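# Coordinate inspection notes
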Amino acid sequence: MSHITLAQQGLAAAEARDWDGAITKLSKALQSSQNPAWLLARSKSLINLRRYEEALDDANLAWHTAYARNKRPLMIEANYRRAVAHFRQGRLADADACCVYAMRLIKGAPAVEKEDPVANLRDPETGRWIATAKDAMHEARTDDINNAKQGGGAAAMAMGGAQAPANAKEWRMASTLRIQILSAMEKLPADDPARTATVPAKPEEKKLADLSGAVEETKSAASSTATTATATPTTTQAPAVAKPVVPSDTPLRLQEFQSTTTMSVSIFSKGVNKEKLKVDFQPHSVHLNSVVYPNGDEKAFQLDLWGEIDTAASKYTVTPNKVELTLVKKTPGKWAQLKSDGNLNQPAAPVPSPAAPTAAAEASTADVKPAAAPAAGPAYPSSSRTGPKNWDQLDVGEDGKDEDEGGDINLFFKKMYKGATPEQQRAMMKSFTESNGTSLSTDWNDVKDRKVETVPPDGVQARKWE
């Protein structure tokens, strides 16, 4: 089989999210040609298998091969892949620097500039990163790339707008990643090493790593051990690539969605034995014995709840990847959060009763003028613990933080929407809702005539709900 065919099969496997298959095929193809597009696909696959250092090496090598071939779009993607790998490694300043390198390439800057393009993002005395999420949000909201016309050449100019760069979508992706990176950095101590960037615009180049046999070795490790346990080895075999060690204190990942009557909780735990699992529903807690933690340990898990549940009506189901709890609320209403803060018997937000008021109530309120109804506005489905949002009524305080969200990444969407034009707001609504919250565009001309597809982040698979 030719290396071209192997590469095509590897790219198709990556598209189908078969990461092991993609790495096997692409690794064999790369032995014949270090095509930057193949390297980038293998880097993405390695990221999804949490092999971040190898993914970074592939992204760096892809940058050099794209640079040698004068392939600017692939150099842009290589910088984006570098940013993702550094972000997953916790090297936040390096990740942000790579985002800036990608965004500058899109704007036409040289691949290797005479002056350091991120020098103004460092403290001149300490070298610590001084860029903030607020700066990145402002750039995303005001940069001309979001106001330029998509395509059209002379026609676009005639309409009164400049033509957008061919990689405007990639600019927005890198900009959004910057905001996530810098938001995470704001939670770190001032002297944290992650605030220091050491990565250059021209990355370190390493030789191509031969990963063609790594997947097969990993899959056959158990069977090989069993068949050779009593045999005398005659040759030395290359060890299988070790998977990253997961810290023992890594918590289980939870995801919740609530209605006025139930709280649905997904506890992500692979390989739970549903025959042996015991779930004990208590009024203010749920005890599971036992589940599988991210590091592979099997042990009990207790979830202390914000409100009280009906233990007889609550239930659970077990799937290969998670345990799903359906908790029936004792008192209908909205919970402020899933987990208890240490105070039991937290009341849920009451649900208005449809019953007619009593005569006494009517008499006591006869002289009271009704409160003005809130301005009508669209509300959108949400699994947020704070319920659906009406973007037309978002309120950001003087300190730049919304009290409801605590200054998290949602601030980006709020502030961008608040300062956008009506046309930009319409584009944001359409792109955000059609993509299930995975894409955000402020360019109405770009999204008005198409459906914005769902593009989940690396390591996450989109799922259709029926």
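Please refer to the structure placed before this passage.
What comes next is a walk through the structure. No experiment lies behind these values; they were computed from the predicted model shown.

### A few points about the overall build of the protein
- Secondary structure summary: the protein contains 14 helices and 7 strands in total.
- The buried share of the protein, taken over its 466 residues, is 38%.
- Restricting to contacts in the protein with at least 6 residues of sequence separation, those with at least 24 account for 57%.
- Just so you have it, the protein exposes about 26700 Å², and 52% of that area is on carbon and sulfur atoms.

### Quick notes on empty space enclosed by the protein
- Considering all chains together, one arrives at 3 cavities of 30 Å³ or more under this definition.
- Counted as a void, the second largest cavity has a volume near 70 Å³.
- Taken together, Trp63, Asn79, Tyr101, Arg104, Leu105, Pro110, Ala111, Val112, Glu113, Pro117 and Ala201 make up the lining of the second largest cavity.
- The biggest single contributor to the lining of the second largest cavity is helix 6 (residues 92-106), with 3 residues.

### Considerations on the sheet that holds strand 1 (residues 253-258)
- The 4 strands are arranged 1-2-7-6 in an open sheet whose pairing can be described as antiparallel. The two strands at the open ends of the sheet, each matched to only one other strand, are strand 1 and strand 6 (315-318). Taken pair by pair, the neighbouring strands of this sheet meet at an average axis angle of 15°, ignoring direction.
- Looking at chain direction, strand 1 and strand 2 (residues 262-268) are connected through 6 bridges and run antiparallel. When the bridges of strand 2 are listed, Glu256 appears paired with Val265.

### Some thoughts on the nonpolar core
- Core analysis: the largest hydrophobic core is formed by 73 residues, its most contacted members being Val118, Trp129, Leu177 and Leu182.
- At 12 residues, helix 6 tops the list of elements feeding residues into this core.
- Aside from chain neighbours lying at most four places away, what touches Leu177 is Tyr80, Ala83, Val84, Phe87 and Cys99.
- Judged by nonpolar contacts, the second largest core, of 24 residues, contains Val272, Val286, Leu303 and Leu325.

### Some points on the side chain of Asn35
- Topologically, Asn35 is positioned in the loop between helix 2 (19-30) and helix 3 (36-48).
- Owing to a relative accessible area of 19%, Asn35 belongs among the buried residues under this scheme.
- A distance of 2.8 Å separates a polar side-chain atom of Asn35 from the backbone nitrogen of Ala37.
- Those residues within four positions of Asn35 in sequence are excluded, and the remaining contacts are Leu30 and Arg69.

### Some remarks on the sheet that holds strand 3 (residues 278-282)
- Reading across the sheet, the 3 strands line up as 3-4-5 and stay open at both edges, with antiparallel pairing between neighbours. If you trace the sheet from one side to the other, it starts and ends with strand 3 and strand 5 (298-304), each paired once. Averaged over all adjacent pairs, the angle separating strand axes in this sheet is 20°, with direction ignored.
- Bridge count for strand 4 (residues 285-292) against strand 5 is 6 bridges, and the pairing is antiparallel. Among the inter-strand pairings, His287 is bridged to a residue of strand 5, identified as Gln302.

### Here's the deal with the pairing of strand 4
- Pairing of strand 3 with strand 4, which is carried by 5 bridges, proceeds in the antiparallel orientation. Residue pairing across strands places Asp280 opposite His287, the latter belonging to strand 4.
- Joining the antiparallel neighbours strand 3 and strand 4 is a turn of 2 residues.
- Where strand 4 folds back onto strand 5 in an antiparallel hairpin, the turn is made up of 5 residues, including Gly296, whose phi is positive at roughly 100°.

### Observations concerning the environment of Val118
- Mapped onto the elements, Val118 comes out in the loop between helix 6 and helix 7 (133-142).
- Owing to a relative accessible area of 0%, Val118 belongs among the buried residues under this scheme.
- It is 9.5 Å that separates the C-alpha atoms of Val118 and Trp129, two residues lying 11 residues apart in sequence.
- Ignoring anything within four residues of it in the chain, the contact list for Val118 reads Ala97, Val100, Tyr101 and Trp129.

What counts and how
Residues numbered from 1 in each chain as written. Predicted model: local features only at pLDDT ≥ 70, side-chain atom pairs only at ≥ 80, totals over all residues. Heavy atoms only, no water. Helix = DSSP H or I, 4+ residues; strand = E, 2+ residues; numbered from the N terminus. Buried < 20%, exposed > 50% of the residue type's maximum accessible area, 1.4 Å probe, protein only. Contact = heavy atoms within 4.5 Å. Areas by Shrake-Rupley, 256 points an atom, 1.4 Å probe, with all protein chains shown as cover. 1 Å grid on protein atoms, 1.4 Å probe; cavity = no way out; pocket = protein on both sides within 12 Å on 5 of 7 lines; lining within 4 Å. Points joined across faces, edges and corners; volume = space filled by probe spheres on them. Pairing = 2+ DSSP bridges. Axes fitted to C-alpha atoms, helices over the stretch in contact; angles between N-to-C directions. Core = buried A, V, L, I, M, F, W, Y, C linked by side-chain atoms within 4.5 Å. Polar contact = N/O pair within 3.5 Å; in protein donor to acceptor, adjacent residues only side chain to side chain.

Such coordinate-based values are descriptive only and should not be taken to indicate function.
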